[in-house]
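# Structural characterization, general
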Amino acid sequence: MGLQQFERRLERIVEGVFAKAFRSGLQPVEVGRRITREMDLGRTVGVRGVIAPNHFTITIDPSDHERFTSYEEALVRELADAAREHARDEGYRFLGPVTVELETAAVGPGVFQLVAEVREGPGGGPHASLVSADGSRVDLGEDPVTIGRLDDCEIQLSDKNVSRRHAEIRREAGGFVVVDLDSTNGTKVNGARVKRRDLVEGDEVTVGATTLRFELS
């Protein structure tokens, strides 16, 4: 099921803005299939569960790269998101953020090479992300992430219902917690008001009118 979902996601990309770029030559669906294969082959059982590769280096021919130079950032982002989806479907965990890098070398038109690695993030602990409704992502790591109206907040919201320093996401004891910072209107997780709450995959944190989805990355 995970591989099928992965392929469908990439096929939608090809049918959209990438259709012209990939009419011939390298096909992103093939890259996606290879990434999921490498995740499956490279998985290991650790103390935190099944660990999968999280860093992918893709080498393509310069002639293929020319076809989608203007779409490169979006394609890399979609491949990384699809890798996260495959990990959720299969119950894999990552030791660091998911990253995809594109390199060019004379490998031949339509041909690509892929190296998948397990790379620990800073501090060696779990990493995660907060994802907004528009798909933008804020990485969570060792340092706390504060949500509020002040300029020095990592997630700044211009919402009168949000306090200056409203809530904070912290990494603790092998996971992440959200802590309400005595805000006026409170912090919610999955619709329930909380003062402090351990976060699990898929939790929705609501501050004012903004909802952020918690994803292990």
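Okay, so let's go over this structure. (Residues numbered from 1 in each chain as written. Predicted model: local features only at pLDDT ≥ 70, side-chain atom pairs only at ≥ 80, totals over all residues. Heavy atoms only, no water.)

### Overview of the sheet that holds strand S8 (residues 137–140)
Taken together, the six strands give an open sheet; going across it, the order is S8-S7-S17-S16-S13-S14, and neighbouring strands pair in antiparallel fashion. The open sheet has two free edges, formed respectively by S8 and strand S14 (192–194), since each of these has just one partner strand. Across the sheet, the mean angle from the axis of one strand to that of its neighbour is 30°, orientation sign disregarded. Examined bridge by bridge, strand S13 (residues 187–189) and strand S16 (residues 204–207) share three bridges and lie antiparallel to one another. Across the sheet, residue Val189 finds its bridge partner in S16, namely Val205. (Pairing = 2+ DSSP bridges. Helix = DSSP H or I, 4+ residues; strand = E, 2+ residues; numbered from the N terminus. Axes fitted to C-alpha atoms, helices over the stretch in contact; angles between N-to-C directions.)

### Things to note about the sheet that holds strand S1 (residues 44–46)
Reading across from one edge, S1-S2-S4 is the order of the three strands in this open sheet, with mixed pairing throughout. If you trace the sheet from one side to the other, it starts and ends with S1 and strand S4 (92–93), each paired once. Where strand S2 (residues 49–51) lies against S4, two bridges are found, and the strand directions are parallel. Bridge pairing in S4 links Val50 to Tyr92.

### Points about the nonpolar core
One broad trend across soluble globular proteins is that nonpolar side chains are buried collectively. One finds Ile35, Met39, Phe56 and Ile58 to be the most contacted residues of the largest nonpolar core, which totals 21 residues. Within the residue set of this core, elements represented by two or more residues are helix H2 (28–41), strand S3 (55–60), helix H4 (72–90) and strand S6 (112–117). The greatest single-element share of this core, amounting to six residues, is contributed by H4. Apart from residues lying up to four places away in sequence, Ile58 is in contact with Val31, Ile35, Leu79, Val100, Glu101, Leu102, Glu103, Phe112, Gln113 and Leu114. Of all hydrophobic cores here, the second largest spans 19 residues; its members include Ala128, Ile155, Val205 and Val207. (Core = buried A, V, L, I, M, F, W, Y, C linked by side-chain atoms within 4.5 Å. Buried < 20%, exposed > 50% of the residue type's maximum accessible area, 1.4 Å probe, protein only. Contact = heavy atoms within 4.5 Å.)

### Brief notes about the environment of Arg84
With respect to the secondary-structure elements, Arg84 resides in helix H4. Sequence separation of Arg84 and Val98 is 14 residues, and the distance between their C-alpha atoms is 7.5 Å.

### Considering H4
Compared with the 27 Å implied by 1.5 Å per residue over 19 residues, the 27 Å span of H4 between its first and last C-alpha is a close match. A positive phi of about 75° marks Gly91, the residue just after H4. (Expected span 1.5 Å × (residues − 1).)

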